[in-house]
Amino acid sequence: MRAGPAIGRLVAGNSSLVRQSIGTPYEGPVRDAMLFPEGTRDAMPVVDERLLHLRASGLLPRVRGIVFGQLSLDRSEEDEFEDFVLDLVSDLDVPVLMDFPAGHEIPNLTVPLGTEVELVVEEETGWIQYHEDALTLLAPA
């Protein structure tokens, strides 16, 4: 984890598809956002390559924070992956939360994409606080 607070809209996407959309009309709105990259059953070198591409493309420096859910990595690779991520963002002034209970493992919390959230990361813990409702009730017609 990398400590700090940040506020922004929660955006997510499969890291492979996010990478493929860079520079196209389908690129997601990541400027000033909280990025929640996800993926499943990818080997660590593949995940590393995708994140390096996001960094090299200029996408990572545009976000306000990064939240990694429970990735489907081999558990023996988790510490190595966290070290890689911290090195990847070492010069960015953004908080990074690892192992948030959402993604492809159990527990798998629902995260309301597109809503404004506050990410708070402390030395040993972190959380997301929602600043707005994810759903809006419509008045009867």
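Residues numbered from 1 in each chain as written. Predicted model: local features only at pLDDT ≥ 70, side-chain atom pairs only at ≥ 80, totals over all residues. Heavy atoms only, no water.

Enquirer: Is there a simple way to think about a negative patch on the surface in this case?
Expert: Residues Asp-79, Glu-80, Asp-83 and Asp-87 make up a contiguous surface patch of negative charge. Inspection of the secondary structure assignment puts Glu-80 in helix H3 (residues 78-88). (Patch = residues over 30% accessible without salt bridge, like charges linked within 9 Å, V, L, I, M, F, W, Y side chains within 5 Å. Areas by Shrake-Rupley, 256 points an atom, 1.4 Å probe, with all protein chains shown as cover. Salt bridge = Lys/Arg side-chain N within 4 Å of Asp/Glu carboxyl O. Lys, Arg positive; Asp, Glu negative; His and termini not counted. Charge placed at Lys NZ, Arg CZ, Asp CG, Glu CD. Helix = DSSP H or I, 4+ residues; strand = E, 2+ residues; numbered from the N terminus.)

Enquirer: How should I be thinking about the sheet that holds strand E1 (residues 4-14) in this particular structure?
Expert: Within a sheet, neighbouring strands are paired by backbone hydrogen bonds and run either parallel or antiparallel to one another. Pairing is mixed in the open sheet, where six strands are placed in the order E4-E3-E2-E1-E5-E6. At either end of the open sheet lies a strand with only one pairing partner, and these are strand E4 (96-103) and strand E6 (126-130). Across this sheet, the average inter-strand angle for adjacent strands is 40 degrees, counted without regard to direction. Alignment of strand E5 (residues 116-121) against E6, held across five bridges, turns out to be antiparallel. Bridge pairing in E6 links Val-121 to Gly-126. (Pairing = 2+ DSSP bridges. Axes fitted to C-alpha atoms, helices over the stretch in contact; angles between N-to-C directions.)

Enquirer: Would you explain the nonpolar core in this entry?
Expert: Counting residues in each nonpolar core, the largest one holds 24 residues, and the members touching the most others are Leu-51, Leu-60, Phe-68, Phe-81, Val-85 and Val-96. Taken together, the elements giving at least two residues each to this core come down to strand E2 (33-38), helix H2 (44-56), strand E3 (65-70), H3 and E4. Those residues in contact with Val-96, other than ones at most four positions away along the chain, are Met-1, Arg-2, Ile-66, Phe-68, Val-85, Val-89 and Val-121. Counting 13 residues, the second-largest nonpolar core is a separate cluster that includes Met-34, Leu-119, Val-121 and Ile-128. (Core = buried A, V, L, I, M, F, W, Y, C linked by side-chain atoms within 4.5 Å. Buried < 20%, exposed > 50% of the residue type's maximum accessible area, 1.4 Å probe, protein only. Contact = heavy atoms within 4.5 Å.)

Enquirer: Explain the pairing of E5 here, please?
Expert: As paired elements, E1 and E5 share six bridges and run antiparallel to each other. Paired with Ala-6 across the two strands is Leu-119, which belongs to E5. What sits between E5 and E6 in their antiparallel hairpin is a turn of four residues.

Enquirer: What should I look at first to understand the packing of H2 against H3 in this one?
Expert: In a pair of packed helices, the angle between the axes and the distance between the axes together describe the arrangement. H3 packs onto H2 with a crossing angle of 10 degrees between their chain directions and a minimal axis gap of 11 Å. As summarised for this structure, H2 and H3 are arranged roughly parallel, according to the angle between their axes. On the side of H2, the interface is formed by Met-44, Val-47, Asp-48, Leu-51, Leu-52 and Arg-55, while H3 contributes Glu-80, Phe-81, Phe-84, Val-85 and Leu-88. Considered class by class, the residues forming the contact of H2 with H3 number eight nonpolar, no polar and three charged. (Parallel < 35°, antiparallel > 145°, perpendicular 65-115°, else oblique. Nonpolar A, V, L, I, M, F, W, Y, C, P; charged D, E, K, R; others polar.)

Enquirer: Before we go on, may I ask you to explain the pattern of salt bridges in this structure?
Expert: As a working rule, side chains carrying opposite charge can pair if their charged atoms are close by. This structure, assessed with the given rule, holds five salt bridges. Note that Glu-27 and Arg-62 form a salt bridge whose closest N and O atoms lie 2.6 Å from each other. One end of the pair, Glu-27, is in the loop between helix H1 (15-21) and E2; the other, Arg-62, is in the loop between H2 and E3, and 35 residues separate them in sequence. The closest approach of N and O atoms between Arg-55 and Asp-91, which form a salt bridge, is 2.8 Å.

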